[in-house]
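# Results of the structural survey
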Amino acid sequence: MTTAFSLAPLFRSSVGFDRFNDLFETALRNEPGSSYPPYNVEKHGEDQYRIVVAAAGFQEEDLELQVEKGVLTVSGGKREPKAEHVSYLHQGIAQRAFKLSFRLADHIEVKAAGLSNGLLNIDLLRVVPEEAKAKRIPIGGTQQPALQH
């Protein structure tokens, strides 16, 4: 009897994380109904990321992005129908309200957001300050004086 264990849900809502335990924490906090609207988390290069949210039927004024305490929240509000005398024979384009949350890793900043062809693109960049970067320490061939106590 084999059991398949997929880690894909852990990577859906974390951006810029390289630490495994943080992915578990985020996956456990995720709401079960958070699959609407569909979205992708993409990595472009070493320090660049993009979140693409399928926001069909939404306009820029219907969407809101907010970053607070390392959590990016994308929300969309339901618009009022413009035509009063329209009856749908089939309504497949969902325009219900939604809220997606993404926990951002340290030093990840939102650089830009744009709505084009029904897709909301959110560009993220890892900006690591100099004091947080790893430093190479040279090993010198010269003899250091002995420490005296």
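The structure under discussion appears in the preceding block.
Residues numbered from 1 in each chain as written. Predicted model: local features only at pLDDT ≥ 70, side-chain atom pairs only at ≥ 80, totals over all residues. Heavy atoms only, no water.

For the rest of this paragraph, the subject is the overall build of the protein chain. Check the secondary structure of the protein chain and you find two helices and eight strands. Relative to its full complement of 149 residues, the protein chain shows a buried share of 23%. Surface summary for the protein chain: the accessible area is close to 11,600 Å², and the carbon and sulfur share equals 52%. (Helix = DSSP H or I, 4+ residues; strand = E, 2+ residues; numbered from the N terminus. Buried < 20%, exposed > 50% of the residue type's maximum accessible area, 1.4 Å probe, protein only. Areas by Shrake-Rupley, 256 points an atom, 1.4 Å probe, with all protein chains shown as cover.)

For the structure on display, the rule yields three salt bridges. Among the ionic pairs, Asp123 bridges to Arg50, the shortest N-O distance being 2.6 Å. Pair noted here: Asp123 is in strand β8 (residues 119-126) and Arg50 is in strand β3 (residues 48-54), with a separation of 73 residues, a long-range link. Between Lys111 and Glu109 there is a salt bridge, and its shortest N-O distance comes to 3.1 Å. (Salt bridge = Lys/Arg side-chain N within 4 Å of Asp/Glu carboxyl O.)

Strand order in the open sheet made by the four strands is β2-β3-β8-β7, with antiparallel pairing throughout. One side of each edge strand has no neighbouring strand; the edge strands of this open sheet are β2 (39-44) and β7 (108-116). Going across the sheet, the axis of each strand differs from the next one's by a mean of 20°, ignoring polarity. Summarising the sheet, β3 and β8 pair through seven bridges and their orientation is antiparallel. Pairing of Val53 across the sheet is with Leu120, part of β8. (Pairing = 2+ DSSP bridges. Axes fitted to C-alpha atoms, helices over the stretch in contact; angles between N-to-C directions.)

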